[in-house]
There are 2 protein chains.
Amino acid sequence: MVQVTLQTQSKLSAAGVRPTRQRLLIAALLWKGNECRHVTPEDMRREIQQEGEDVALATIYNTLHQFTKAGLLREIVLAGGRTYFDTNLSPHFHYYYEENGHLEDVAISPKQWHSLPSAPPGTEVKGVDVVIRVGERK
Amino acid sequence: MVQVTLQTQSKLSAAGVRPTRQRLLIAALLWKGNECRHVTPEDMRREIQQEGEDVALATIYNTLHQFTKAGLLREIVLAGGRTYFDTNLSPHFHYYYEENGHLEDVAISPKQWHSLPSAPPGTEVKGVDVVIRVGERK
DNA sequence: CTGTGTGCAAACTCTTTGCATAAGT
DNA sequence: ACTTATGCAAAGAGTTTGCACACAG
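Because the structure is a prediction, the values reported are computed rather than measured. (Residues numbered from 1 in each chain as written. Chains lettered and ligands numbered in written order. Predicted model: local features only at pLDDT ≥ 70, side-chain atom pairs only at ≥ 80, totals over all residues. Heavy atoms only, no water.)

## Regarding the packing of helix H2 (residues 21-30) of chain B against helix H4 (residues 57-69) of chain B
Residues and elements named next belong to chain B. Direction vectors running N to C along H2 and H4 enclose 65°, while the axes themselves pass 11 Å from each other. It follows that H2 is roughly perpendicular to H4 by the angle criterion. Here the hand of the crossing between H2 and H4 comes out right-handed. Judged by residue contacts, Gln22, Arg23, Ile26, Ala27 and Leu30 of H2 engage Thr59, Ile60, Thr63, Leu64, Gln66 and Phe67 from H4. Among the residues making up the contact of H2 with H4, the classes are represented as six nonpolar, four polar and one charged. (Axes fitted to C-alpha atoms, helices over the stretch in contact; angles between N-to-C directions. Helix = DSSP H or I, 4+ residues; strand = E, 2+ residues; numbered from the N terminus. Parallel < 35°, antiparallel > 145°, perpendicular 65-115°, else oblique. Left-handed = near helix turned anticlockwise from the far one by under 90°. Contact = heavy atoms within 4.5 Å. Nonpolar A, V, L, I, M, F, W, Y, C, P; charged D, E, K, R; others polar.)

Listed below in structure tokens is the structure:
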């Protein structure tokens, strides 16, 4: 059973998200350890069920999107339309293992970050998504 | 009315794709000009209908994926699950204009290309997708 | 108390498969 | 000829919306 800590509650409040039962549960699962996580809505549902709870899949989508809008998560969309939510908010890239659908963070240096193209005039960068698709060497 | 040229036919044959009516039509539309194009399956269907022809949407998906497997196109998946097919096969990045869903190539230098992380041991890079999401400056 | 915000059922969209059929060799 | 490969209808997955209800203020 995950603990819904006070930290979890204040995390949501601070982000301007009402702490409801479902949200607290999802938040507690997302940030229960100290490592960064990459979860799909389906993953999340499975974890919830392992806790003996249940939340409608649509609610999980809504909640994860709300967390994203509130700046608590980052959304990553991959080929195949798979959507992952990433608890790592710092600038980084991703390795995507095509064999098993696993996603892994790639830490990058500020230098690498700044060597990316800047925004065209009159626009600003809203986000940068870098996915390096890797597979077994043949 | 697009011309199905001999060039189009040999392009498909060379790639090991049988030149059927539908494929020739789609190929002719994709490579009719000299610029690179970014099309969604829906875009393609609209163009086909403007030619007074019709091809089932599923066939368009199949065909675009076959062209991709044959190395004639590149597939790009964006947030929201939108799929684009790109006729530009050389290494490059993309600007994605969130306002209107428009996609634009960003030419990059070999230096920029090589400053990207390499594959983890035992794996090889299958592809690199870099999308810079941009929007109006506020 | 009351109005905003929430959670979920149902609907929708985009995409893929299975099979009759047509096309290429 | 004839067998593989194709094209499309129908099914499937993943995601979003609309509305009754609950909760925070």
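## Some details on the domain arrangement of chain A
On domain assignment, one finds that chain A holds domain 1 (6-72) and domain 2 (90-134). Using C-alpha coordinates to define each centre, domain 1 of chain A is positioned 24 Å away from domain 2 of chain A. (Domains from an automatic or database assignment.)

## As for the pattern of salt bridges
The full count for this structure, using the stated rule, is 16 salt bridges over all chains. Put simply, A:Arg133 and A:Glu98 hold a salt bridge, and the shortest N to O gap is 3.4 Å. Pair noted here: A:Arg133 is in strand S6 (residues 123-136) and A:Glu98 is in the loop between strand S4 (92-97) and strand S5 (102-107), with a separation of 35 residues, a long-range link. Three or more residues joined by partner-sharing salt bridges are found here, namely A:Arg74, A:Asp129, B:Glu98 and B:Arg133. (Salt bridge = Lys/Arg side-chain N within 4 Å of Asp/Glu carboxyl O.)

## Here we look at the packing of aromatic side chains
Residue and element names in this part refer to chain A. Per the stated rule, a full pass over the model turns up two aromatic pairs over all chains. Arranged with centres 5.9 Å apart and planes meeting at 35°, the rings of Trp31 and Phe67 form a pair that is tilted. Note that Trp31 is positioned in the loop between helix H2 (21-30) and strand S1 (38-39) and Phe67 in helix H4 (residues 57-69), a separation of 36 residues in sequence. Residue class for Phe67 comes out buried when judged on its relative accessible area of 0%. (Phe/Tyr/Trp six-rings, centres within 6.5 Å; stacked < 30°, edge-to-face > 60°. Buried < 20%, exposed > 50% of the residue type's maximum accessible area, 1.4 Å probe, protein only.)

## So, the protein's contact with DNA strand D
Residues in close proximity to DNA strand D total 17 residues, the closest being A:Tyr61, A:Thr83, B:Thr20, B:Arg23 and B:Thr59. Sugar plus phosphate: this is where 76% of the atoms of DNA strand D within 4 Å of the protein reside. B:Asn62 has a polar side-chain atom sitting 3.1 Å from a base nitrogen of DNA strand D. If you list the elements that add at least two residues to the surface near DNA strand D, you get H4 of chain A together with H2 and H4 of chain B. The leading source of residues in the surface near DNA strand D is H4(A), at five residues. Taken together, the residues of the surface near DNA strand D break down into six nonpolar, eight polar and three charged. (Near = heavy atom within 4 Å. Polar contact = N/O pair within 3.5 Å; in protein donor to acceptor, adjacent residues only side chain to side chain.)

## Observations regarding the side chain of A:His92
All names here are of chain A. As for its placement among the helices and strands, His92 is situated in strand S4. Reaching out from His92, the side chain makes a polar contact with the side chain of His94 at a distance of 3.1 Å. Ignoring anything within four residues of it in the chain, the contact list for His92 reads Arg74, Asp86, Asp105, Val106, Ile108 and Trp113.

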